[in-house]
Amino acid sequence: MPDITKHLQQQISEARNQGHKLAIVGGGSKQFMGRKINAVQLDVGGHTGIVDYQPLELVLTVRAGTPLSEIETALAEKNQMLSFEPPCFGDRSTIGGTLACNQSGPGRPWWNSVRDQVLGVNLINGKGEKLRFGGQVMKNVAGYDVSRTQAGAMGTLGVMTEISLKVLPRPAITMTLSREMEHSEAIRFMNARAAEPKPLSGACWLDGTLYLRLSGAHSAVEATAKHWDIPVMTDGDTFWRQLRNQQLDFFAGEQPLWRFSINSSAATPPLKGPWLLDWAGSQRWYRGDSEMATMEALAEKAGGQVSLYRGGNRTGEVMHHQQPALQTIQKRLKHSFDPDALFNPGRLYSWL
Amino acid sequence: MNTDSKPLNTAASKPGKTELAEMFRKFIDPQFVITDEETLKPYECDGLSMYCVMPLLVVLPETVEQVQQVMRLCHQFAIPVVARGAGTGLSAGAMPDAGGVVLSLAKFNRILHIDPLARSARLQSGVRNLAISEAAADYGLYYGPDPSSQIACTIGGNVGENSGGVHCLKYGLTTHNILSVEMVTVDGERVMIGSDGLDSCGMDLLALITGSEGLLGIITEVQVKLLPTQEIARVVMAGFGTVDEAGAAVGGIIAQGIIPAGLEMMDSHAIIAVEAFTGAGYPVEAAALLLCEVDGTKEEVQEHIEKAEALFRDFGATSIRTSKDDAERALLWKGRKNAFPAMGRISPDYYCMDGTIPRAHLGQVLNEMQDMSKRFGLRVANVFHAGDGNLHPLILFDANKEGELERAEAFGSDILELCVKVGGCITGEHGVGVEKIRQMPMQFTDPEIEQLNAVKSAFDPLGTLNPGKGVPTLRNCQEYRAINAKPQAPEVQHA
Ligand SMILES: Cc1cc2nc3c(=O)[nH]c(=O)nc-3n(C[C@H](O)[C@H](O)[C@H](O)COP(=O)(O)OP(=O)(O)OC[C@H]3O[C@@H](n4cnc5c(N)ncnc54)[C@H](O)[C@@H]3O)c2cc1C
């Protein structure tokens, strides 16, 4: 696949000269996220390909438009994986979009997030300059950690062209345990299991049922299942895949979907409607209509933040508000990377 | 865009030392506003005593409100502020500014809250790294990142340097193990970055703060994640006849799908010095030694230890010893933990470098370093985190001998250049500070440096937080490039 970095730089210069704004699009699978914006598409989906993969180093470098499916196939051949288990919304979900939206799956509390596994990025800033931060090594404290700052910035700081990630060996086996359990008991139970030194790699609660995933060496997984004495679920893998890719019935339908990122052991906010508890309680999903301000107050009470993930009013704010001083810093940061505010204006916040 | 900064008093109205101290004494216990030479002296450097500068004065505030007031005052008069934890940093990151204030967080030493169910702890920034694990032990939990300086260094300093230790191959660096920080901005605002959740909305400022060497704000509180203490840990010690074999064995273990809790390597200079110092039972005839720790459930550790032993044999290990109990494990680690003091016994001075390389180049880099050693006429010993390619070459020299310090610095610079050449970086965990600022242009282009400086300005428009550290100015960059980034006599005084 050709390197289209120069072409992207050209498009950025043109936009700059003509006063256009640009909407960075990887595969477009996450168009539903963030705020609605009005801008000319800048397609990075054509910038694909694995640049370097060193299984012994546990390091992978890819162009940002590379589909997740392509990456996962290459890693599977070496018995490795993207440990953060990004959701794949369709075949064209790209690694750039995954990092920009900071998307991680059910294994995140144990195997880190996409943000945590990033080692370096190549980035084109709003002046059209090609910059490289971080690198391909695990430890690197030269300069500020600009690579990880891309996580969750939703493309407001520049166009990522290349990403280096730490990858991990696939666990020898995986087993799912499940049992019926009431909501608040499940919160306590998941957290208590997570505090034990056992090979836990997933903890979710939905519809009165608790699901625990064990991954690791055969002996360790089997001994833990026996020790905890919870029934083994057949076809647990399908459950986790559907959870990860948001294909469970819970995610279907038109009701707005809210994402709470809160203290894992906090009581669930008192809202009527369906809840899904993931990440041992640290990530909680809620379906229902409500006001942003109400939800924010509830999230803060639970020690965290909320975002309107899907549906609802996407012309208002959809991300948890920022303290005024942090808002100032983020505006200045945006300006430092993108002085003409070319990239995804207003996608993250109306003021950014 | 920097229009939000408050207008400044003119330089003419800048208070002198006495005046400033008086202002601070209005809201800080006077005994914690230090102005006399003798008491200031211990603050003139951090763990890298080659670089020292006397500060104007030192303050030790006791509350966040006091920190805010210090920052407001200094901002008003554009006075430089350098945050200081325990001062164990090894890149002169906490070295004072001659015209500025050192803000010590030594009084911020309280563990505020441990939440065993959520597996987190909220700490004031001056809490010592080891104290966190000691306090969490009651709940079967511990704090993952374990710099060798953990008895002394503070969590605020760990955030400042994104510190890591032996366990970071498996459990990550500081950046992977913190949830939030409370920070006072350069103009005295108290802000909360991050939350109790695993991620937060907006730009990931927590990532920028971590490893920012006190250049972006003063950290007053840190909330860390705690991990369950593993059931068991065992360590395999393997001696090899060549560094290449040991280097290959490091890749081999990863290829087996095993992520060791720690994977450390020593070369023969280090083995000999350490064995003489600790008597841990290291194979002194080996050219390289690996210490490979595996932790987890009893079953998993048994399985992985057997695999590791077999693998080291296949890679040509000449001796193998596996710990049977925690006492033997501690003994095997004793040498590694005492490596620095051991060097102090065989050489009057040593200079500890800190670069990271892709693991595949371990053998090549270690061999090239031995060639450089001959060229510079200085011995170099290696003790390092092999699992993540983080090298700590110890250059041995005698500061009392004419020119040896300068040779040691030039040798160090060449090592860092080699690290960058093979795809690595100039600092893995000690930071850039003052020490490696000349090497920044080896790793970054001018536009990249300009972007980094712009990031700094977003937090600190006047550039008064820890000035002269971390990122060079573009003008300095050009000078450093022109002199091929070789260390010149620094402007600061040599101890
Ligand atoms: C023997 C020895 C072994 C070491 N081993 C390791 C190791 O294994 N791994 C490793 O990573 N490092 C190691 N170090 C280096 C050092 O201990 C770490 O970098 C440590 O994190 C520094 O903590 P400190 O509290 O001493 O910080 P200081 O040295 O006081 O400060 C370090 C930097 O952080 C800034 N800073 C400190 N506190 C704050 C705050 N509250 N807010 C904002 N900025 C702040 C300072 O301005 C400075 O730039 C070692 C040092 C020694 C002497």
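The rules behind the values
- Residues numbered from 1 in each chain as written.
- Chains lettered and ligands numbered in written order.
- Predicted model: local features only at pLDDT ≥ 70, side-chain atom pairs only at ≥ 80, totals over all residues.
- Heavy atoms only, no water.
- Helix = DSSP H or I, 4+ residues; strand = E, 2+ residues; numbered from the N terminus.
- Rg over C-alpha atoms; globule rule 2.2 N^0.38 Å.
- Buried < 20%, exposed > 50% of the residue type's maximum accessible area, 1.4 Å probe, protein only.
- Contact = heavy atoms within 4.5 Å.
- Areas by Shrake-Rupley, 256 points an atom, 1.4 Å probe, with all protein chains shown as cover.
- Lys, Arg positive; Asp, Glu negative; His and termini not counted.
- Charge placed at Lys NZ, Arg CZ, Asp CG, Glu CD.
- Near = heavy atom within 4 Å.
- Polar contact = N/O pair within 3.5 Å; in protein donor to acceptor, adjacent residues only side chain to side chain.
- Nonpolar A, V, L, I, M, F, W, Y, C, P; charged D, E, K, R; others polar.
- Buried area = accessible area lost by both parts, 1.4 Å probe.
- Salt bridge = Lys/Arg side-chain N within 4 Å of Asp/Glu carboxyl O.
- Domains from an automatic or database assignment.
- Expected span 1.5 Å × (residues − 1).
- Core = buried A, V, L, I, M, F, W, Y, C linked by side-chain atoms within 4.5 Å.
- Pairing = 2+ DSSP bridges.
- UniProt positions renumbered as here; feature names shortened; annotations may be inferred.

> Which parts of the structure should I look at to understand the overall build of chain A?
For chain A, the count of helices and strands is 11 helices and 16 strands. A globule of 352 residues ought to have a C-alpha radius of gyration of about 20 Å, and chain A, at 21 Å, matches this closely. In terms of overall dimensions, chain A has a C-alpha envelope of 65 × 50 × 35 Å along the principal axes. The buried share of chain A, reckoned over its 352 residues, is 66%. Pairs at least 24 apart in sequence give 68% of the contacts found in chain A among residues at least 6 apart. Here chain A has roughly 12800 Å² of accessible surface; of this, 47% comes from carbon and sulfur atoms. Taken together, the 37 basic and 33 acidic charged side chains of chain A have centroids lying 5 Å from each other.

> Quick question: what am I supposed to make of the overall build of chain B here?
Assigned secondary structure in chain B consists of 17 helices and 20 strands. Its C-alpha atoms give chain B a radius of gyration of 23 Å, within 12% of the compact-globule value 23 Å for 495 residues. Taken over the C-alpha atoms alone, chain B extends approximately 70 × 55 × 45 Å along its principal axes. Every one of the 495 residues in chain B was classed for burial, and the buried ones make up 62%. For chain B, the proportion of contacts with a sequence separation of at least 24, taken over those separated by at least 6, is 73%. Within the structure as shown, chain B displays about 17200 Å² of accessible surface, and the carbon and sulfur contribution to it stands at 52%. Both charge centroids of chain B, one from 41 positive and one from 63 negative side chains, sit 2 Å from each other.

> Just to check I follow, could you spell out the site of the ligand for this structure?
Residue and element names in this part refer to chain B. Taken together, 33 residues form the shell around the ligand, and within it Ala 83, Thr 88, Ser 149, Thr 154 and Gly 164 come nearest. At 2.8 Å from an oxygen atom of the ligand is found a main-chain nitrogen or oxygen belonging to Gly 87. In this structure, an oxygen atom belonging to the ligand sits 2.7 Å away from a side-chain N or O atom of Ser 163. For the ligand, whose accessible area on its own is 970 Å², the fraction buried by protein is 93%. The element contributing the most residues to the shell around the ligand is helix α5 (residues 155–161), with five residues. Within the shell around the ligand, the residues separate by chemical class into 10 nonpolar, 19 polar and four charged.

> What is the right way to look at the interface of chain B and chain A in this model?
By a widely used convention, the size of an interface equals the accessible area lost when the partners come together. Counting residues at the interface gives 91 residues for chain B and 82 residues for chain A. Roughly 6900 Å² of surface becomes buried between chain B and chain A when both sides are summed, with 59% attributable to carbon and sulfur atoms. For the pair chain B and chain A, the number of links is six salt bridges. For Lys139(A), the salt bridge is made with Asp388(B), and the minimal N-O distance between the two is 4.0 Å. The tally of links from chain B across to chain A stands at 30 residue pairs in polar contact (both at pLDDT 80 or more). At the level of secondary structure, the elements contributing two or more residues to the side of chain B that touches chain A comprise α6 (168–171), β9 (190–194), α7 (205–209), α8 (243–255), α10 (298–314), α15 (440–443) and α16 (446–459) of chain B. When residues in the side of chain B that touches chain A are grouped by element, the largest group, 11 residues, is from α16(B). Each residue belonging to the side of chain B that touches chain A can be placed in one class, and the counts come to 39 nonpolar, 31 polar and 21 charged.

> Looking at this model, I keep getting lost on the domain arrangement of chain B. Mind explaining?
Its domain assignment divides chain B into domain 1 (11–104), domain 2 (112–228), domain 3 (232–342) and domain 4 (348–483). If you average the C-alpha positions of domain 1 of chain B and of domain 3 of chain B, the two centres end up 44 Å apart.

> Would you explain the environment of Val114(A) in this entry?
Assignment of secondary structure puts Val114(A) in helix α5 (residues 114–117). In this structure, Val114(A) is in contact with Phe84(A), Thr98(A), Leu99(A), Asn102(A), Gln103(A), Ser104(A) and Leu165(A), ignoring residues within four places of it in sequence.

> Looking at this model, I keep getting lost on helix α7 (residues 183–194) of chain A. Mind explaining?
Helical periodicity: at 3.6 residues per turn, an α-helix aligns residues three or four positions apart in one direction. Residues and elements named next belong to chain A. Compared with the 16 Å implied by 1.5 Å per residue over 12 residues, the 17 Å span of α7 between its first and last C-alpha is a close match. Within α7, nine of the 12 residues are buried, which leaves the element mostly enclosed by the surrounding structure. Of all the positions in α7, only His 183, Ala 186, Ile 187, Phe 189, Met 190, Asn 191, Ala 192, Arg 193 and Ala 194 are classed as buried.

> What is the right way to read the pattern of salt bridges from this model?
Pairs may arise between side chains of opposite charge once their charged atoms sit close together. One pass over the structure, following the stated rule, counts 34 salt bridges over all chains. Notably, a salt bridge pairs Arg190(B) with Glu182(B), separated by 2.9 Å at the nearest N-O pair. Take Glu182(B): its relative accessible area is 9%, and that puts it in the buried class. Each of the salt bridges in this network shares a partner with another, and the network as a whole consists of Arg108(A), Arg115(A), Asp116(A) and Asp204(B).

> Quick question: what am I supposed to make of the nonpolar core here?
It is characteristic of soluble globular proteins that their nonpolar side chains tend to be buried jointly. Grouped together as the largest cluster of nonpolar side chains are 195 residues, with contacts concentrated most on Phe260(A), Val224(B), Met265(B), Phe312(B) and Phe459(B). The biggest single contributor to this core is helix α14 (residues 404–421) of chain B, with eight residues. Val33(B), Val67(B), Val81(B) and Leu103(B) belong to the second-largest nonpolar core, a separate cluster that totals 33 residues.

> In this structure, what is going on with the domain arrangement of chain A? I would like to understand it.
Residues and elements named next belong to chain A. Considered domain by domain, chain A is made up of domain 1 (5–169 + 328–337) and domain 2 (172–253 + 255–310). Placing a centre on the C-alpha atoms of domain 1 and another on those of domain 2 gives a separation of 27 Å. Across the boundary between the two partners, domain 1 contributes 17 residues, which contact 17 residues of domain 2. When domain 1 packs against domain 2, close to 1400 Å² is buried across both sides, 58% of that on carbon and sulfur atoms. Across the salt bridge formed by Arg 213 and Glu 85, the nearest N and O atoms sit 2.9 Å from each other. At the boundary of domain 1 and domain 2, one finds six residue pairs in polar contact (both at pLDDT 80 or more). Per-element tally for the side of domain 1 that touches domain 2: the top contributor is helix α4 (residues 108–111), with four residues. When its residues are assigned to classes, the side of domain 1 that touches domain 2 shows 10 nonpolar, four polar and three charged.

> I'm lost on unusual backbone geometry in this one. Help?
Excluding glycine, a negative phi dihedral is what most residues carry, and trans is how most peptide bonds are arranged. Notably, Ala78(B) is not glycine yet its phi reads approximately 55°, a positive angle. Topologically, Ala78(B) is positioned in the loop between α3 (64–76) and β3 (81–84).

> In this structure, what is going on with the pairing of strand β12 (residues 232–240) of chain B? I would like to understand it.
Along a regular strand, successive side chains alternate from one face of the sheet to the other. All names here are of chain B. Across the nine residues that make up β12, a large majority, eight, are buried. One ladder, built from nine bridges, connects β12 with strand β14 (residues 288–296); its direction is antiparallel. By the bridge assignment, Ile 232 is partnered in β14 with Gly 296. The pairing of β12 with strand β15 (residues 319–322) spans four bridges and is antiparallel.

> What am I meant to see in the pairing of strand β7 (residues 130–134) of chain A here?
As judged from the five bridges shared by strand β6 (residues 118–124) of chain A and β7(A), these two strands associate in the antiparallel manner. Residue Val121(A) lies in a different strand from β7(A), and its bridge partner there is Phe133(A).

> I keep staring at the UniProt feature "domain: FAD-binding PCMH-type" (unreviewed entry) in chain B and nothing clicks. Help me out?
Here the UniProt-annotated "domain: FAD-binding PCMH-type" (unreviewed entry) positions come out as residues 51–229 of chain B. Measuring from the first to the last C-alpha atom of residues 51–229 of chain B gives 39 Å, for a span that is 21% helix and 25% strand.

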